[in-house]
Amino acid sequence: MNMELSPKFAKQNFEGEAGSYHSWSTTEFPLLAQSKVAAGLLVLKPAGFVLPHSADSSKLGFVLQGEQGSVGLVLPNSKTHSNQEIVVGLQAGDVIPVPLGSFSWWYNHGESDLIILFLGETSNAYVPGEFSYFFLTGALGMIGGFSTEFISKAFNINETEATTLAKSQTGALLVKLTPEEGKNVPLPQINNANNWVKNIVNFPADFQVEKAGRATSLTGTNFPFLEEAGLSCFLLKLEPNAMLSPVYTTVNMVQVFYVVKGSGKVQIVGLNSKLVLDTNIVSGQLLVVPRFFAAAIVADGEGIECFSIKTPTGPAIAELTSKESVLNVISPSVLQSSLKVNTEFLKFFKEKINKSEFLIPPKN
């Protein structure tokens, strides 16, 4: 089975005065289609507004930059919030689920760019490995796709009014609002924000090791709204020259890593225990780890930070080298036979693995 696993940069799809949108295409990154995952990057300039739209996939938004963003969500499939708009504030470090079937708009209230990474699962998408968007309004809007005759009958208006409704907004995807329009964008609903968004940067870490770094996960257990998107996520911060020990998935699941900051080296071991990737990774690149493959990362001298999604909402990652490893659970006699080592080496190895960590600091 031949897979091209090399990490890739995004390509720009759209640019205007309101911002730009970038994505990773399956043409240049076939593994996305094979793994049924997708990624996109939204850059919203000040007063930039993303027209209301839905997508054919569930995804998570991770705010890479910005302090005064907002998103409006309408969840038609929600049992408790189907007939209301939820407006949530966004700042750097926030994670916002966007479930399949939901409609959303996005706005940048701030004075600097708002940058949001989107990672999602595309098993039901029109193009596996890519997000397809369906806009309500604008040059690519669904309303304008119908004839004025149909629009006038549907909304009980005349054809002149139907033309006004469908054609007044000539922008596509992203538009820049005037100061007056920006003032009228709904402000975040502070009272229920914690139900819809979590700041993973400030969230308590699952693992934290001095001089090694920290790893933090959000799942359906500590962030119930993730259940509606069917995804979970993970933020890894490695200190300079520290290591994420080899991890692998225990279920039919794919991991997607985006390098937020820094650089490092990654190795992936796949079928027949073959080293299928041994390369450097840098900020802005996307890395996909196929199901059941094992991956390890070593940070360069500046450290590295990676954001990752997993398709199930619960934990499904196993460690290969730490004290939680399956190697430390298997019966000593079975392990000794499996490794074909003597008793003295087995004892030495067990002592080492019991002292090892998920995150490994550099050697002095």
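Since this is a predicted model, take the numbers as computed values, not measurements.

Parameters and conventions
- Residues numbered from 1 in each chain as written.
- Predicted model: local features only at pLDDT ≥ 70, side-chain atom pairs only at ≥ 80, totals over all residues.
- Heavy atoms only, no water.
- Helix = DSSP H or I, 4+ residues; strand = E, 2+ residues; numbered from the N terminus.
- Rg over C-alpha atoms; globule rule 2.2 N^0.38 Å.
- Buried < 20%, exposed > 50% of the residue type's maximum accessible area, 1.4 Å probe, protein only.
- Lys, Arg positive; Asp, Glu negative; His and termini not counted.
- Charge placed at Lys NZ, Arg CZ, Asp CG, Glu CD.
- Contact = heavy atoms within 4.5 Å.
- Salt bridge = Lys/Arg side-chain N within 4 Å of Asp/Glu carboxyl O.
- Pairing = 2+ DSSP bridges.
- Polar contact = N/O pair within 3.5 Å; in protein donor to acceptor, adjacent residues only side chain to side chain.

(A) Quick look at the overall build of the chain. Tallying secondary structure elements over the chain gives nine helices and 24 strands in all. Computed over the C-alpha atoms, the radius of gyration of the chain is 23 Å, within 12% of the 21 Å expected from 2.2 N^0.38 for a compact globule of 364 residues. Oriented by its inertia axes, the alpha-carbon framework of the chain measures out at about 90 × 40 × 35 Å. For the chain, buried positions account for 49% of its 364 residues. Counting 26 positive and 31 negative side-chain charges, the chain places the averaged centre of each group 10 Å from the other.

(B) Molecular detail of unusual backbone geometry. Its identity is not glycine, yet Lys36 carries a phi of approximately 60 degrees, on the positive side. Along the chain, Lys36 falls in the loop between helix H1 (30-35) and strand S4 (37-44). The residue Asn156 is not glycine, and still its phi comes out positive at about 60 degrees. Structurally, Asn156 is set in the loop between helix H3 (148-155) and helix H4 (159-167).

(C) Main features of the environment of Ala215. Note that Ala215 resides in strand S16 (residues 213-218). In the structure, Ala215 is positioned 22 residues away from Lys237 in sequence and 6.3 Å away in space, judged by C-alpha atoms. Residue contacts for Ala215: discarding those within four places in its chain leaves Ala205, Asp206, Phe207, Phe234, Leu235, Leu236, Phe358 and Leu359.

(D) Representation of the pattern of salt bridges within the structure. Counted by the stated rule, this structure contains three salt bridges. The salt bridge involving Lys153 is made with Glu149; its shortest N-O contact spans 3.6 Å. With a gap of four residues between them, Lys153 and Glu149 both fall in helix H3, about one helical turn apart. Owing to a relative accessible area of 40%, Glu149 belongs among the partly exposed residues under this scheme. Taking the shortest distance from any N to any O, the salt bridge between Asp278 and Lys265 comes out at 3.6 Å. Taken together, the residues Asp278 in strand S20 (residues 275-282) and Lys265 in strand S19 (residues 255-269) connect sequence positions 13 residues apart. Accessibility expressed as a relative area gives 40% for Asp278, which makes it partly exposed.

(E) Representation of the pairing of strand S5 (residues 48-55). Burial within S5 is extensive, with seven of its eight residues counted as buried. Sheet topology note: the S5/strand S13 (residues 174-176) ladder contains three bridges and is antiparallel. Within the sheet, the bridge partner assigned to Val50 lies in S13 and is Leu174.

(F) Quick look at the environment of Val88. You can see Val88 is positioned in strand S8 (residues 85-90). Between the C-alpha atom of Val88 and that of Pro188, which follows or precedes it by 100 residues, the distance is 4.6 Å.

(G) Expanded view of the environment of Tyr21. The residue Tyr21 is located in strand S3 (residues 19-23) in this model. Separated by 152 residues in the primary sequence, Tyr21 and Leu173 have C-alpha atoms spaced 8.9 Å apart. Among all residues touching Tyr21, those that are not within four sequence positions of it are Lys11, Gln12, Asn13, Phe14, Gly40, Leu41, Leu42, Phe131 and Tyr133. Here Tyr133 takes part through its side chain, which lies 2.9 Å from a polar atom of the side chain of Tyr21.

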